[in-house]
Amino acid sequence: MTDTVNEIGKRRTRKEDARLITGQTNWTDNIQLPGLLHVAFLRSPQAHAKILSVDVSAARQMPGVIAAYSGADFAAEQGSLPCAWPVTPDIVIPNHPPMATEEVRYGGEIVACVVARDRYAAADALEQIDVDYESLPPVLDMEAALTDGSPKVHEAGNKSFEWVFANGDMEAAFRDAPVVLERTYRQQRLIPCAMEPRAVVCAPVADEYTLWSATQIPHVLRVMLALVTGIPEHKLRVIAPDVGGGFGSKLQVTAEEVLAVLLARKLGRPVKWTESRSEGNLAVHHGRDQLQRIRIAADADGRLRGLSVDLLADMGAYLMLVTPGVPLLGAFMFNAIYKMDAYFFKCTGVFTTKTPTDAYRGAGRPEATFGIEHAMDDLAAELGMDPLALRRRNWIAHSEFPYTTISGLTYDSGNYEAATARAVELFGYDDLRKEQEARRASGDPVQLGIGVSTYTEMCGLAPSRVLGQLAYGAGGWEHASIRMLPTGKVEVVTGSSAHGQGHETAWSQIVADRLGVPFEDVRVLHGDTQVSPKGMDTYGSRSLAVGGVALYGACEKVIAKAKVIAAGMLEVSPEDLEWTPGRWSVRGDPDQGKTIAEIALATFAAHNLPDGVEPSLDSDATYDPESFSFPHGTHLCAAEVDTETGQVRIRSYVAVDDVGTVVNPLIVDGQVHGGLAQGIAQALYEEAAYDADGNLLTTTLADYLMPSATDLPTFATDRTETPATTNPMGVKGVGEAGTIASTPAVVNAVVDALRPFGVRDVEMPCTPQRVWRAIGQARGAAR
Amino acid sequence: MIPATFEYVRPGTLSEAVQALAQGGDDAKVIAGGQSLLPLLRLRLAYPDLLVDLGALDELRGVREVGDALEIGALTTHYAVTRDPLIREHCGLLAAAAGTVADPAVRHRGTVGGSLSHADPAGDLPAVIAALDATLLASGPEGERSIAAADFFVDYLTTALRPGEVLTAIRVPKLGPGWGYRYEKFHVTAQDWAIVGVAALVRRDNGQVAEARVGLTNMGTVPVRARATEEAAAGSEASREALTAAAAHADEGTSPPDDLRAAADYRRHLSRVLTTRGLCAAANVV
């Protein structure tokens, strides 16, 4: 492009980091208001029980306590927490009071609260609340939950919905298939663990309310709070100040947010609640948790004939904002980058007496990618093929794009050949295979495994029309506006609410690139429904691919307006002007021109605008994507497995991603590194574990093992760049790619190391004990 | 999380500390680096009425030579232990093990005395000082006394310290010439506690193992010595085969826990594998 100053693609450090890193910003918990009261919630210590009585009278007598309430005190006004994604017409959506009134259905569900002058008094008073429970049987296992005799989580039973997709002749695909692979994989339950715990402040002024929340979705939250509490939407302002990570866990309308509003309304005083880490482990929605039954029919040369996926997805005790939709995003991703004759997908949503699940980095797509990529390595082993050769046999060739997949999505672009070739080269694939052979031959106690993941994902959530077809309750557009200030500085207002992604930097680069203003002259405003009134917020790797494109559109509108005004200033016809970054000038006479700053000042003065031209360069744009975007890439992992102890060490990890046009390579690298850490964490370390009574065992970070930098290898990352053809910037999104791709690469490497022992699978997380047992069981079976 | 209310004193002398503790009785707790106690308070798993902060007692900090032993003040941090030249020269095992405790932040605040007094069998230092045949020095209302490491750890999170007693120092005999050592810590992530740890010491005499000592972390409610392995190794050839055979007895007499991280049988297996590795490394056997 000749009409830019090449800000796109610059490796800029992030504007927002100075205030974030030095603690100059306000997190929600830092907010202080006159008369602020502090809330503490009492949570059920039981997985499933009838509430016989709740006595808060002793708590009310404690020093510093202003009020204490049980669910009964809110029964008339608290409504039900919303589920915005009723995926089938007959879905069971149970009533979900923010504070339980009759029954608790997971450990951590709120049963009472204390409001006090400080956090200490609130915590002390919480211990004085007396709750009488009658224990009910927990429901922990999804398969058992669906049997007739199972105890019920809800009166309507333990099945929430069944959702089916089918395309092609499955019967024919499996009939006489030379190879049929059948596998059951378990996606363990994960706890998001964003660095900043959740926090809420609600301040009432007369009949208006301001809510600060560590949320990803201030705009959606405002609508939902209005619907749940009955407070008119225009009397609610929601602010997401700087937010320290979300990973989907703050894509939610939480009980604590609703109760903060109700308490502020009841007491007429501002209230604050900040969760502790152990409280968060119990009560923040969890992620993943699926049982995947996968069948693949293939020809002897590896060509895929059919794929059948039968999922059980654990909803937990209730349906939260998008709980039922999460596993269904996988419906479009199990077929991944592969061509096949037939595809069948069925998902059953199951209630258990566990913390509700919902979106967690990738949301349905990592689960699907794990299923198919793990199955592809297994199929390669079954066929005695190299796993990369099996993929080449089946993937959509670069020449075949655009390509409509068996699940009905049209992939606009991709180059699996290029990404794979680069990954193989960086990895030293052939040398590592030789070393693997040597270790196998010598019986080395430390075996080497190589895992492959050639993933794609759907980003840029989402075309509103598609969301409508999927019964989602909202659209998928995004909004941006530009305010051209008289001094030539630029204010950008975006509906995309950042919580660590670096929007302020990337958005500044887009504006600097399009309008030709200095990067430093752009300020980005977001995360406040009063400042940025329209938005669909941040999740699903949508910010750049939807919000960034909206901003691009707003820039184009500014340029178009400026043209008319510049023509008036230069006393020429607009047709005679040409745009170079930051300046309209007369074609053939480039000395005659006006910079965008000069035009902005002239517009502000408005002394001499052409007739009928409004005195404003400002613009608004709302972008609704015509399609999803489809980043892809090839990840290769080499893992050393100590067969004596079961310890896994990642020896090398190569990630070659194609996320389309890159606005800021430094931010993209950061997203990939963090994503890899999170995906590797699922493969090797993290699991929300419950005991037989349904108590969560991993309530602290001493029990729930998050890896630190020490535990992770140095990543080798690179990119190929195949621009998306469905948006003018060619961008695709990168927020989830690392997480989606890496889990199967690592598990495939572990299993590959152990195939000579007869090991077919190791359940995640592949802890040393699990690996050691898998070897022992395989050896026992071989005897 | 928010701890319950407690009183706090920061005495200027050891005798004041002992007095404050004695007056506080069962409801008083010593706090040093706070790396074990503070999480318990914040999770409301402990409700002491009084915290006696030893932080001002500088005489409890640092390392000195006392004849054939080193005396390590109870307030010496893990970080200081890893860097101390005397410890590195004479009791390198302790420096090596202290360097594996949790993460740098914890090692800079956490103290040797705190770690031993907490007596978590998953802690790294208890098994190490057991293997080093160290002696613990305590000061209490009835004066000073010394307690052998083998007698110090009584049960899970329980020591032989009496109410009002403060652990003041650890006396560790210097390892003479010929000793090699290794702390084999097995954990899932770097910051996690040991699933099993093996503190191995071997004194070689040419091709023979003259003496071997093995302390086991997290193989029971207290740190244990693998006596059967020690006996089998003593006098044996310094070879991988002989040490592997000796290590096959490592879990004898232990009662390892069965928990979220590992089952007892896996811990037994690990103790044998890690003891083999620890002994071989300590004996410098390839």
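Note that this is a predicted model, so its numbers are computed, not measured. Residues take numbers from 1 onward in each chain, read along the sequence in its written order. Starting at A for chains and at 1 for ligands, labels are handed out in the order in which the entities are written. Local features in a predicted model are, by the rule used here, given only for residues with pLDDT of at least 70; side-chain atom pairs are given and counted only at 80 or more, and totals for whole chains, interfaces and linings are based on all residues. Note that the side-chain values use all heavy atoms of the structure and ignore hydrogens as well as water.

Novice: Sorry if this is basic, but what is going on with the overall build of chain A here?
Specialist: Secondary structure is summarised from DSSP: a helix means a run of H or I of at least four residues, a strand means a run of E of at least two, and numbering begins at the N terminus for each. Looking only at helices and strands, one finds 20 helices and 28 strands in chain A. The C-alpha radius of gyration computed for chain A amounts to 28 Å, which stays within 12% of the reference 28 Å derived for 783 residues, consistent with globular compactness. Viewed in the frame of its principal axes, chain A has a C-alpha envelope of about 90 × 70 × 45 Å. Each residue gets one of three labels from its accessible area relative to the maximum for its type: buried under 20%, exposed over 50%, partly exposed in between, using a 1.4 Å probe on protein chains only. Put simply, chain A has 783 residues, and 64% of those count as buried. Within chain A, counting contacts between residues at least 6 apart in sequence, those at least 24 apart form 79% of the total. Working note: accessible area of chain A is about 27,000 Å², and carbon and sulfur atoms make up 50% of it. Note that His is not counted, nor are the chain ends; the positive residues are Lys and Arg, and the negative ones are Asp and Glu. To locate a charge, the coordinates of NZ of Lys, CZ of Arg, CG of Asp or CD of Glu are taken. In chain A, 69 side chains carry a positive charge and 99 a negative one; their mean positions are 1 Å apart. Only C-alpha atoms enter the radius of gyration, while the globule expectation follows 2.2 Å times N to the 0.38, with N the number of residues. Two residues form a contact once any of their heavy atoms are found within 4.5 Å. The method behind every accessible area is Shrake-Rupley, applied with a 1.4 Å probe, and residues are considered shielded solely by the protein chains displayed.

Novice: Just checking my understanding: could you explain the sheet that holds strand β7 (residues 159-167) of chain A for this structure?
Specialist: What holds strands together in a sheet is hydrogen bonding between their backbones, with the strands either parallel or antiparallel. All names here are of chain A. A sheet is described by the order of its strands in space; here 5 strands give the open sequence β7-β15-β14-β13-β8, paired in mixed fashion. A strand with exactly one partner marks an edge of an open sheet, and here the two such strands are β7 and β8 (179-190). Ignoring strand direction, the axes of neighbouring strands in this sheet form an average angle of 10°. Pairing of β8 with strand β13 (residues 287-298), which is carried by 11 bridges, proceeds in the antiparallel orientation. Following the sheet pairing, Y185 is matched in β13 by Q292. Only strands that DSSP links by at least two bridges are regarded as paired with each other. Axes, fitted as lines to C-alpha atoms, cover a helix only where it is in contact. Angles between the N-to-C directions of the axes lie from 0 to 180 degrees.

Novice: How should I be thinking about unusual backbone geometry in this particular structure?
Specialist: Most of the time, phi is negative for any residue but glycine, and the peptide bond is trans. Residue and element names in this part refer to chain A. For the bond running from F401 to P402, omega is -5°, close enough to zero to count as cis. With a phi angle near 55°, D176 is a residue other than glycine that sits in the positive phi range. Along the chain, D176 falls in the loop between α5 (170-174) and β8. Its identity is not glycine, yet A206 carries a phi of approximately 50°, on the positive side.

Novice: I keep staring at the confidence of the model for chain B and nothing clicks. Help me out?
Specialist: Per-residue confidence from the predictor is given as pLDDT, running between 0 and 100. For chain B, mean pLDDT is 96; residues scoring 70 or higher make up 100% of the total. Confidence metrics for the complex model read pTM 0.97 and ipTM 0.96.

Novice: It is not clear to me how the sheet that holds strand β2 (residues 28-31) of chain B should be interpreted in this structure. Could you clarify?
Specialist: Residues and elements named next belong to chain B. Judged by pairing direction, the sheet is parallel, and its 3 strands sit side by side in the order β1-β3-β2 without closing on themselves. Bordering the open sheet on either side are β1 (7-9) and β2, each of which pairs with just one other strand. Each strand axis lies, on average, 25° off the axis of its neighbour in the sheet, ignoring direction. As judged from the 3 bridges shared by β1 and strand β3 (residues 50-53), these two strands associate in the parallel manner. Across the sheet, Y8 pairs through a bridge with L51, a residue of β3. Strands β1, β2 and β3 of the sheet are contacted by helix α1 (residues 14-24), whose axis makes an angle of about 165° with β3.

Novice: Quick question: what am I supposed to make of the nonpolar core here?
Specialist: Side chains that are nonpolar tend, in soluble globular proteins, to be buried together. In these notes, a set of buried Ala, Val, Leu, Ile, Met, Phe, Trp, Tyr and Cys residues joined through side-chain atoms within 4.5 Å is what counts as a nonpolar core. Counting 175 residues, the largest nonpolar core has F345, Y653, I680, L684 and L754 of chain A as its most contacted members. Core analysis: the next-biggest nonpolar cluster, separate from the first, contains 42 residues, V524, I559, L577 and W584 of chain A among them.

Novice: How do you make sense of the packing of aromatic side chains when you look at a structure like this?
Specialist: Ring pairs (aromatic) are described by centroid distance and by the angle formed between their planes. Residue and element names in this part refer to chain A. Each Phe, Tyr or Trp ring (for Trp, its six-membered ring) is paired with any other whose centre lies within 6.5 Å, and the angle between the two planes then decides the class: stacked below 30 degrees, edge-to-face above 60, tilted in between. Scanning the model with the defined rule gives 18 aromatic pairs over all chains in all. With 6.0 Å between their ring centres and 45° between their planes, F334 and F345 make a pair best called tilted. Taken together, the positions of F334 in the loop between α9 (325-329) and β15 (342-351) and F345 in strand β15 put the pair 11 residues apart, joining distant regions of the chain. You can call F334 buried: its relative accessible area is 1%. You can call F345 buried: its relative accessible area is 0%.

Novice: Hey, could you run me through the interface of chain A and chain B in this one?
Specialist: How big an interface is tends to be reported as the loss of accessible area on association of its parts. With 28 residues of chain A at the contact, the number on the chain B side is 26 residues. As a working definition, buried area equals the accessible area (1.4 Å probe) given up by two parts on being put together, with both sides summed. Both sides of the chain A and chain B interface together cover about 2,200 Å² of buried area, and 57% of this is carbon and sulfur. Between Lys or Arg on one side and Asp or Glu on the other, a salt bridge is scored when a side-chain nitrogen of the former is within 4 Å of a carboxyl oxygen of the latter. The tally of links from chain A across to chain B stands at 5 salt bridges. By the criterion applied in these results, polar contacts are pairs of N or O atoms within 3.5 Å in which, for protein atoms, one can donate a hydrogen and the other can accept it, and in which residues neighboring in sequence qualify only through two side-chain atoms. If you look at where chain A meets chain B, you find 15 residue pairs in polar contact (both at pLDDT 80 or more). Listing elements by their share of the side of chain A that touches chain B, those giving two or more residues are α3 (119-126) and α20 (768-782) of chain A.

Novice: Looking at this structure, I do not really get a negative patch on the surface. What am I missing?
Specialist: All names here are of chain B. A patch is a set of surface residues, each over 30% in relative accessible area and not in a salt bridge, joined within 9 Å for like charges and within 5 Å for the nonpolar side chains Val, Leu, Ile, Met, Phe, Trp and Tyr. On the surface, a cluster of negative charge is made up of E7, D26, D27 and D49. Its location among the elements puts D27 in the loop between α1 and β2. Among the residues examined, D27 registers a relative accessible area of 40% and is labelled partly exposed.

Novice: What is the right way to look at the pattern of salt bridges in this model?
Specialist: When the charged atoms of two side chains with opposite charge come close together, those side chains can pair. All names here are of chain A. Inspection of every chain in the model, using the stated rule, returns 82 salt bridges over all chains. The partner of R305 in a salt bridge is D299, and the shortest N-O contact between them spans 2.8 Å. Considered together, R305 and D299 belong to a single accessibility category, that of buried residues. Residues D341 and R303 are paired through a salt bridge, measuring 2.9 Å at the closest nitrogen-oxygen approach. With D341 in the loop between α9 and β15 and R303 in the loop between β13 and β14 (304-316), this residue pair connects regions lying 38 residues apart in the sequence. Overall, the relative accessible area of 25% leaves R303 in the partly exposed class.

Novice: Can you help me understand a nonpolar patch on the surface in this one?
Specialist: All names here are of chain B. Residues M1, L43 and L45 make up a contiguous nonpolar surface patch of roughly 280 Å² in combined accessible area. Checked against the element boundaries, L45 lands in the loop between α2 (37-42) and β3. Residue classification places L45 among the exposed residues on the basis of a relative accessible area of 62%.

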